[in-house]
Amino acid sequence: MNALDIVLWVIVPYISLAIFVVGHYWRYKYDKFGWTTRSSQLYESRLLRWGSPLFHFGILFVLIGHVMGLGIPKSWTEAVGLSETAYHAMAIGVGAIAGFGTLVGLGILLYRRRTTGPVFSATTKNDKFMYLVLTMTILFGLSNTVLGVVGHGGVDYRDTVSPWFRSIFYFNPQPELMAAAGPGFQLHALSALLLFAIWPFTRLVHVFSAPLGYFTRPYIVYRSRDRQLGNRATPRGWDRVGGPRR
Amino acid sequence: MRVMAQMGMVMNLDKCIGCHTCSVTCKQAWTNRSGVEYVWFNNVETRPGQGYPRTYEDQEKWRGGWQLGRNGRLSLRTGSRLKRLLTIFSSPVQPSINDYYEPWTYDYETLTNAPVQEHTPVARPRSLLTNKPMNIKWSANWDDNLGGAPELTQADPVLQKISAEIKEKFEQTYMFYLPRICEHCINPSCAASCPSGAIYKREEDGIVLVDQDRCRGWRQCVTGCPYKKVYFNHRTGKAEKCTFCFPRVEVGIPTVCSETCVGRLRYIGIILYDADRVLEAASTPNDQDLYMAQRSIILDPHDPEVVRAAERAGISRDWIDSAQRSPIYSLITKFEVALPLHPEYRTMPMVWYIPPLSPVVDALTETGHDGEDAGNIFGAIESLRIPIEYLAELFAAGDTSLVTGVLKKLGAMRAYMRDLNLGRPADESIATAVGMTGQDIQDMHRLLAIAKYDERYVIPAIHAEQGPEREEFDTGCSLDYEDGPGMGGWGPFGETSGGSTPIAVENFHMLSARQTTDTLSAPPTKAQRVNLLNWDGKGAPEGLFPSRGNDDARHGPDGGGDGPGSPSVTEPKP
């Protein structure tokens, strides 16, 4: 294990995750107005109708796969009697389908973004950089899956990447595991870390406004005008008589 | 009984001349921004016509509003909540920009910088979306005044419903204007379809607004609104809609569209309604009963019991007072001449219309009959040039008797008032024939024909003890004005980020700057400057050039000081 490994698999991950967490907090505090999906459906919907659900549902399955693959230790799945081969057949099967769905969806969306005039002119530099990093991450990840199908002679990510990933959250990082994971997983991890670092500053923030509250709230929302006087929160010392104590 | 107040509007379509002043002033006030170029919170449609966006009334296609399920329960036409969330990645029936129109500008610069040539240079249209030259194929008002009829008008969904054809003969065509704003519905389906809960109804006055900080651009509201009066700002990615000009209404003045209406056809007031019975009324099984159902939840503000309940609900005395004097309450409930637009959408719209009568009088006069004679009018209403069926599809879910009743009242008013104007004795039988009294008719005539500003707009201001709020609604930090310490211009992630500039703060600073300057357009040091017209060209007198920073101390704090230069080279203060 050399210094580079420590930088790449200890320092960079912590920096990236710190930016991810603090960045989201800051963006939400500072820029609620900019927190949106920035939908371009108004401009074009023929391609979007195929590309967007393919991409989004695909990436949701990919996310579930990652939670399982990275979050659940190998010993647990073996304890419930799931054999190594069965696990990998399932993971690679579902992963490849979801991954290719995501990739095809992304391909349609990128094609649409480039060729539809209004959509292209609504694309910011920020968007372009984000698409680059996102596409890179997905391509690296998918190529790992494909290599896993074709060769399967390489490393088992559940012995290397997953424990390393979990070790970050135990605050007991084990860079040597990742250093042994092979370049495919290393590239995927690095580009993912870059993606996490830029995440709060891109349109990807809309992931965190998935409107799950819609299921439980009443249909019509009523709001009173006079919960608050003026256009900012009441400063300390200026509470109204009989108002709530803070 | 849970009493709530609701701001509403009535438009008298007989008076609309289709001048579009309301649309233009509204656009200037609210949507003259990038991202909402195609948006008209107020638009005036020629009916029959496709409307804006095209054929928006075809709910089989656009799936707006509510419907009754087989179990008799009210649900959104787009389906269940789960279904909406599952299709959120690509909204199945959202109108595209072409259903509105692609906004454009003209290459005006060509007109001034084109080289000398044989032909006059032409300013070509350029798309505001792509900045590329484009062919203009449609706009918000393409079929204005039956432009493109009969081909375009045949696509009018209302026309198709009554299976009437616009006559190809010029003499037999008919049309009228329909100005439309957001209906500020009592049962708004846009709010119900918003996944983020960003669209809300204000408890105090029922105005439906979009919280720009909560909207996440899921665009379900665009589909949910059957009137297609929620728009998607394609630059900020947020929904925007008519605000009923709440900053104006809050201080007791009418909306911009009403204020500038040339025909003075708009009436604004509040009604009190029973919020507990909204769902029940909106679930009325028969479409044609919805009008009466909506009328039934509107409470009589003169009823002492209602007044007491309103006071218990925290509605202040002057609001109750305004509800009693409300012109829209009179037109809806007392005279029963105003009808809601498309009650069958079950959203309980609160912008109501008095259907147009006018052509009947002219038509009768042309045939040699006395056009204002009561008997003649009553007989002719059913053979109006504008088919009653058409008006009924718009305002009464197809119930022609309702529209006929209203038109008879309007006709009776003309006949009755003509006798009075000519100094003849009033014919009370005209009034009783339409179920009114002579006094009712005179009151209605006053409200429809001669009511002044303060009778047409009875708008209670919000309360003084709510002080600072009079200026504006929750719009963020007061330091967020332009170049202020809060922020200036766009946020760091391009034009769609950052907070919004509060209207009142910006105006406050502009106002104070104007009030404290000596002239309308003067910098503070203007009095010290050399007037170049008086300058003899010799040397460089003091004030010829702006002073550097350290000179200021010499001139004293008020900027005048010891008097720079002689009076002959100094422009006198105005």
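Residues numbered from 1 in each chain as written. Chains lettered and ligands numbered in written order. Predicted model: local features only at pLDDT ≥ 70, side-chain atom pairs only at ≥ 80, totals over all residues. Heavy atoms only, no water.

S.K.: Can you help me understand the overall build of chain B in this one?
M.R.: The helix and strand inventory of chain B stands at 24 helices and 15 strands. By the burial criterion, 53% of the 574 residues in chain B qualify as buried. In chain B, the proportion of contacts linking residues at least 24 apart, taken out of those at least 6 apart, comes to 69%. (Helix = DSSP H or I, 4+ residues; strand = E, 2+ residues; numbered from the N terminus. Buried < 20%, exposed > 50% of the residue type's maximum accessible area, 1.4 Å probe, protein only. Contact = heavy atoms within 4.5 Å.)

S.K.: How do you make sense of the overall build of chain A when you look at a structure like this?
M.R.: Counting its secondary structure elements, chain A contains 9 helices and 1 strand. Starting at the N terminus and walking to the C terminus, you meet the elements of chain A as α-α-α-α-α-α-α-α-α-β. Of all 246 residues assigned to chain A, the portion counted as buried reaches 43%. Contacts in chain A between residues at least 24 apart in sequence constitute 78% of all its contacts with a sequence separation of at least 6. If you sum the accessible surface of chain A, you get close to 13600 Å²; carbon and sulfur atoms cover 71% of it. (Areas by Shrake-Rupley, 256 points an atom, 1.4 Å probe, with all protein chains shown as cover.)

S.K.: Got a minute to help me understand a positive patch on the surface in this structure?
M.R.: Residues A:Arg114, A:Lys125, A:Lys128 and B:Lys132 make up a contiguous surface patch of positive charge. Assignment of secondary structure puts A:Lys128 in helix α6 (residues 125–150). Using a relative accessible area of 42% as the deciding quantity, one classes A:Lys128 as partly exposed. (Patch = residues over 30% accessible without salt bridge, like charges linked within 9 Å, V, L, I, M, F, W, Y side chains within 5 Å. Salt bridge = Lys/Arg side-chain N within 4 Å of Asp/Glu carboxyl O. Lys, Arg positive; Asp, Glu negative; His and termini not counted. Charge placed at Lys NZ, Arg CZ, Asp CG, Glu CD.)

S.K.: It is not clear to me how helix α7 (residues 161–169) of chain A should be interpreted in this structure. Could you clarify?
M.R.: In an α-helix, one full turn covers 3.6 residues, which means residues spaced three or four apart are oriented alike. Residue and element names in this part refer to chain A. α7 sits mainly inside the fold: 7 of its 9 residues count as buried. Val161, Ser162, Pro163, Trp164, Arg166, Ser167 and Ile168 are the residues of α7 that are buried. Contacts from the buried residues of α7 go to α1 (3–30), α2 (46–71), α8 (175–179) and α9 (183–198). After α7 finishes, the residue phenylalanine 171 shows a positive phi value of roughly 60 degrees.

S.K.: Which parts of the structure should I look at to understand the sheet that holds strand β1 (residues 3–12) of chain B?
M.R.: All names here are of chain B. Taken in spatial order, the 5 strands line up as β13-β12-β1-β15-β14 in an open sheet, and their pairing is mixed. Only two strands of the sheet have a single neighbouring strand rather than two, namely β13 (298–299) and β14 (339–340). As paired strands, β1 and strand β12 (residues 266–274) are joined by 9 bridges and run antiparallel to one another. Bridge assignment links glycine 8 to a residue of β12, and that residue is glycine 269. (Pairing = 2+ DSSP bridges.)

S.K.: Would you mind going over the nonpolar core with me for this structure?
M.R.: In this structure, B:Val10, B:Tyr38, B:Leu272, B:Leu331, B:Phe395 and B:Leu407 are the most contacted members of the largest nonpolar core, which totals 157 residues. With 10 residues, helix α19 (residues 400–421) of chain B is the single largest residue contributor to this core. Residue contacts for B:Tyr38: discarding those within four places in its chain leaves A:Leu42, B:Lys27, B:Tyr52, B:Ile97, B:Tyr100, B:Tyr101, B:Pro103, B:Tyr231, B:Phe232 and B:His234. Residues A:Leu109, A:Tyr131, A:Leu134 and A:Leu204 belong to the second largest nonpolar core, which totals 14 residues. (Core = buried A, V, L, I, M, F, W, Y, C linked by side-chain atoms within 4.5 Å.)

S.K.: Sorry if this is basic, but what is going on with the packing of aromatic side chains here?
M.R.: By convention here, two paired aromatic rings are described through the distance between centres and the angle between planes. The full count for this structure, using the stated rule, is 28 aromatic pairs over all chains. Taking the centre distance of 6.4 Å and the plane angle of 55 degrees together, the rings of A:Trp26 and A:Phe201 count as tilted. Taken together, the residues span a long stretch of sequence, with A:Trp26 in helix α1 and A:Phe201 in the loop between α9 and β1 (222–223) at a distance of 175 residues. For A:Phe201, a relative accessible area of 26% gives the class partly exposed. Centre to centre, the rings of B:Phe41 and B:Tyr231 are 6.1 Å apart; their planes meet at 35 degrees, and the pair counts as tilted. Here B:Phe41, found in the loop between α1 (21–30) and β2 (43–47), pairs with B:Tyr231, found in strand β10 (residues 230–233); they are 190 residues apart in sequence, far enough to count as distant. Both residues of the pair, B:Phe41 and B:Tyr231, count as buried. Each member of the aromatic cluster is reached from another via a ring pair, and the members are B:Tyr38, B:Phe41, B:Tyr52, B:Tyr100 and B:Tyr231. When the ring centre of A:Phe120 is taken as origin, the NZ or CZ atom of A:Arg114, which lies over that ring, is 3.8 Å away. When the ring centre of B:Trp40 is taken as origin, the NZ or CZ atom of B:Lys27, which lies over that ring, is 5.0 Å away. (Phe/Tyr/Trp six-rings, centres within 6.5 Å; stacked < 30°, edge-to-face > 60°. Lys NZ or Arg CZ within 6 Å of the ring centre and 35° of its normal.)

S.K.: Please explain the pairing of β1(B) as it appears in this structure.
M.R.: Strand residues, when the strand is regular, have side chains that alternate between the two faces of the sheet. All names here are of chain B. Of all 10 residues that make up β1, 10 are buried, and the element is covered over most of its length. Along β1, one buried face is formed by Val3, Ala5, Met7, Met9 and Met11 and the opposite face, lined by Met4, Gln6, Gly8, Val10 and Asn12, is buried too. Pairing geometry for β1 and strand β15 (residues 351–354), over 4 bridges, is parallel. Paired with valine 10 across the strands is tryptophan 352, a residue of β15.

S.K.: Just checking my understanding: could you explain the pattern of salt bridges for this structure?
M.R.: When their charged atoms lie close together, side chains carrying opposite charge are able to pair. Residues and elements named next belong to chain B. Enumeration over the complete set of coordinates arrives at 27 salt bridges over all chains. Note that aspartate 156 is salt-bridged to arginine 47, the shortest N-O span being 3.0 Å. Placement of aspartate 156 in the loop between β6 (125–127) and α6 (157–162) and of arginine 47 in strand β2 is noted, with a sequence separation of 109 residues between them. The exposure class assigned to arginine 47 is buried, which follows from its relative accessible area of 0%. Taken together, the shared-partner salt bridges connect Glu45, Arg47, Glu57, Asp156 and Arg180 into one network.

S.K.: Would you explain the confidence of the model for chain B in this entry?
M.R.: A low pLDDT score tells you not to read the predicted coordinates there in detail. All names here are of chain B. Counting all residues, the mean pLDDT for chain B is 85, and 81% of those residues have values of 70 or more. Within the model, the stretch residues 464–476 combines pLDDT values under 50 with 41 contacts to residues more than four positions away or in other chains. Confidence drops under pLDDT 50 across residues 551–574; counting only partners more than four residues distant or on other chains, this segment forms 29 contacts. (pLDDT = per-residue confidence, 0-100.)

S.K.: For this particular structure, what's the right way to read the sheet that holds β1(A)?
M.R.: Across a sheet, paired strands are connected by hydrogen bonds in the backbone, their directions being either parallel or antiparallel. Overall, mixed pairing links the 3 strands, which are arranged β1(A)-β8(B)-β9(B) in an open sheet. In this open sheet, the two edge strands, each paired with only one partner strand, are β1 of chain A together with β9 (208–210) of chain B. Pairing of β1(A) with strand β8 (residues 199–202) of chain B involves 2 bridges; the strand directions are parallel. Of the residues in β8(B), the one forming a bridge with A:Arg223 is B:Arg202.

S.K.: Please clarify how unusual backbone geometry should be interpreted in this entry.
M.R.: Trans is the common state for peptide bonds, and a negative phi is the common state for residues other than glycine. All names here are of chain B. The linkage connecting arginine 47 with the following residue, proline 48, adopts the cis geometry, with an omega of -5 degrees. For proline 48, the position within the fold is in the loop between β2 and α2 (59–62). Cis geometry marks the peptide bond from tyrosine 52 to proline 53, where omega comes out at -5 degrees. You can see proline 53 is positioned in the loop between β2 and α2.

S.K.: What am I meant to see in the side chain of A:His24 here?
M.R.: Among the structural elements, A:His24 can be located in helix α1. When sequence neighbours within four positions are dropped, the list of residues in contact with A:His24 reads A:Ile19, A:Trp35, A:Trp199, A:Pro200, A:Val205 and A:Phe208.

S.K.: Any chance you could explain the packing of helix α15 (residues 327–334) of chain B against helix α21 (residues 438–450) of chain B here in plain terms?
M.R.: For any two helices packed against each other, the geometry comes down to the angle between their axes and how far apart the axes lie. All names here are of chain B. Closest axis-to-axis distance for the α15/α21 pair is 11 Å, and the angle between their directions is 135 degrees. Between α15 and α21, the interaxial angle falls into the category oblique. The interaxial crossing formed by α15 with α21 has left-handed handedness. Across the interface between the two elements, Pro327, Ser330, Leu331 and Lys334 from α15 touch Asp440, Asp443, Leu447 and Leu448 from α21. (Axes fitted to C-alpha atoms, helices over the stretch in contact; angles between N-to-C directions. Parallel < 35°, antiparallel > 145°, perpendicular 65-115°, else oblique. Left-handed = near helix turned anticlockwise from the far one by under 90°.)

S.K.: Whenever I open this one, the state of the cysteines confuses me. Can you help?
M.R.: Defined simply, a disulfide is a covalent bond joining two cysteines at their sulfur atoms. Residue and element names in this part refer to chain B. Considering all chains together, one arrives at 0 disulfides over all chains under this definition. Not engaged in a disulfide, the cysteine cysteine 221 finds its nearest cysteine sulfur in cysteine 194; these two sulfurs lie 6.3 Å apart. Left unpaired, cysteine 242 is separated from the closest cysteine sulfur, that of cysteine 182, by 5.2 Å. (Disulfide = S-S within 2.5 Å.)

S.K.: It is not clear to me how the packing of α2(A) against helix α4 (residues 84–115) of chain A should be interpreted in this structure. Could you clarify?
M.R.: All names here are of chain A. Interaxial distance between α2 and α4 falls to 7 Å at its minimum, and their mutual angle equals 145 degrees. The way α2 lies across α4 gives a crossing that is left-handed. Partitioned by chemical class, the residues of the contact of α2 with α4 number 17 nonpolar, 8 polar and 1 charged. (Nonpolar A, V, L, I, M, F, W, Y, C, P; charged D, E, K, R; others polar.)

S.K.: I'm lost on a nonpolar patch on the surface in this one. Help?
M.R.: A surface patch of nonpolar side chains, amounting to about 750 Å² of accessible area, comprises A:Phe57, A:Leu60, A:Leu63, A:Val67, A:Leu212, A:Phe215, B:Leu82 and B:Leu86. For the nonpolar patch, the elements supplying multiple residues, two or more each, are α2 of chain A together with α3 (81–86) of chain B. No other element matches α2(A), which puts 4 residues into the nonpolar patch. Checked against the element boundaries, A:Leu212 lands in the loop between α9 and β1. The exposure class assigned to A:Leu212 is exposed, which follows from its relative accessible area of 60%.

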